[in-house]
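Secondary and tertiary structure notes
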Amino acid sequence: METLFNQGSNLAEAVDRAFIFIFAISFIFTIGITVLMIYILVHFSRKKNKNPKQFSHNTKLEVIWTVVPLIIVLMMFYYGWVGFAPMRQVPADAMPVTVIGRMWSWEFDYGNGKVSKELVLPFNKNVKLNLVSRDVNHSLFIPAFRVKEDVIPGYENYMWFRPIMKGTFDIYCTEYCGLAHSAMLSKVIVLDSLEFKQWLTELKVPDNLPDPPGLVIIKANACITCHSLDGSKVIGPTFKGLYGRKTLVVTESGDKEIEANDEYIKKSITDPNAEQVKGYNKGLMQSYKEKISAEDLDKIVDYFKISVETK
Ligand code: CUA
């Protein structure tokens, strides 16, 4: 795990410079104003000044407190601008990768059908990320690279950078996008250019076979919003390897072990809170009794059976 203070991209240094400058100015002013305030309270107190004096203005003082802050904010603007301007100028040789954000995962499309769950990049090579959302507003944030851009449906946003550090770095979604927003995580992995080429060659193109009928029903009812297909823990237990899995469930009469057979799977859909898998919250899932027919329940169970057998 890399630390927050790594400057992992070519853009990081300028961002840090602007941040540290603004932070230092704020720090100095906070201390300075507090000290001055205490001095004024004591020095100009009524006890020490029995007869108040009348002031109108002081030109010298007024010019100073106008010009000095003006210079400071212009310097803040300068540091911000020299950090920001290059971020919007993409070098012509940048390698394009399309980032797809959806509730609640990231996907990285390298073209020719090659899609990855992690952003793997070659070391020291310019990359342009085209940011696409499939549903709501997200925001791609790579703290170690000091880059952050909104990912908005119907709007072509982008970012670019050059990774200047090898290793693994965190990716966050930093725009609240619903229930599992905080779980919308991924990684950047920066490899040697040769290692990267090898990785990209070996990246499998998913075979686009049509979904089995059960999976079509599962997707149509948005079950995979809360139940992953790849084994990751979202809101509810994963569907991966579900059929025949032995699990502890919480019932009204205490915990017990069950096997996910036809009966249990169907009951979990029609009466989800009766026998809740231990470690998951009750009440988050509603009954699908009215929404999914008995025939479709069979198809769903069939799908779980096939997907376990073919693994
Ligand atoms: Cu996607 Cu928050």
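Residues numbered from 1 in each chain as written. Predicted model: local features only at pLDDT ≥ 70, side-chain atom pairs only at ≥ 80, totals over all residues. Heavy atoms only, no water.

1. A word on the pattern of salt bridges
- Applying the stated criterion across every chain yields a total of 15 salt bridges.
- Among the ionic pairs, Glu107 bridges to Arg102, the shortest N-O distance being 3.2 Å.
- On the basis of relative accessibility, which here comes to 17%, the residue Glu107 falls in the buried class.
- For Arg102, a relative accessible area of 24% puts it in the partly exposed group.
- The closest approach of N and O atoms between Lys166 and Asp192, which form a salt bridge, is 2.9 Å. Of this pair, Lys166 sits in the loop between strand 8 (157-161) and strand 9 (167-173) while Asp192 sits in the loop between strand 10 (186-191) and helix 3 (193-202), and the two are 26 residues apart along the sequence.
- Overall, the relative accessible area of 41% leaves Lys166 in the partly exposed class.
- Salt bridges sharing partners connect three or more residues here, namely Arg102, Glu107 and Lys117. (Salt bridge = Lys/Arg side-chain N within 4 Å of Asp/Glu carboxyl O. Buried < 20%, exposed > 50% of the residue type's maximum accessible area, 1.4 Å probe, protein only. Helix = DSSP H or I, 4+ residues; strand = E, 2+ residues; numbered from the N terminus.)

2. Quick notes on the nonpolar core
- In this structure, Leu119, Leu129 and Phe161 are the most contacted members of the largest nonpolar core, which totals 37 residues.
- For this core, the element with the highest residue contribution is strand 10, accounting for 4 residues.
- In contact with Phe161, other than residues within four places in its own chain, are Ser9, Asn10, Leu11, Leu121, Lys125, Asn126, Val127, Leu129, Ile142, Phe145 and Val147.
- By size, the runner-up hydrophobic cluster in this structure holds 20 residues, among which are Ile217, Cys223, Val249 and Val301. (Core = buried A, V, L, I, M, F, W, Y, C linked by side-chain atoms within 4.5 Å. Contact = heavy atoms within 4.5 Å.)

3. Concerning the domain arrangement of the chain
- Each domain of the chain was delimited in the assignment, giving domain 1 (12-88), domain 2 (95-202) and domain 3 (213-309).
- For domain 1 versus domain 3, the separation of C-alpha centres amounts to 61 Å. (Domains from an automatic or database assignment.)

4. Concerning the side chain of His181
- With respect to the secondary-structure elements, His181 resides in the loop between strand 9 and strand 10.
- According to the relative accessible area criterion, His181 is buried, its value standing at 16%.
- At 3.2 Å, the side chain of His181 and the backbone oxygen of Glu175 are in polar contact.
- Sequence-distant contacts of His181, defined by excluding residues within four places in its chain, comprise Trp104, Cys173, Thr174, Glu175 and Tyr176. (Polar contact = N/O pair within 3.5 Å; in protein donor to acceptor, adjacent residues only side chain to side chain.)

5. Some thoughts on the pairing of strand 1 (residues 95-102)
- As judged from the 7 bridges shared by strand 1 and strand 5 (residues 127-133), these two strands associate in the parallel manner. Looking at strand 5, one finds that Met95 is bridged to Val127.
- Note: strand 1 against strand 2 (residues 105-109), 5 bridges, orientation antiparallel. Pairing of Gly101 across the sheet is with Trp106, part of strand 2. (Pairing = 2+ DSSP bridges.)

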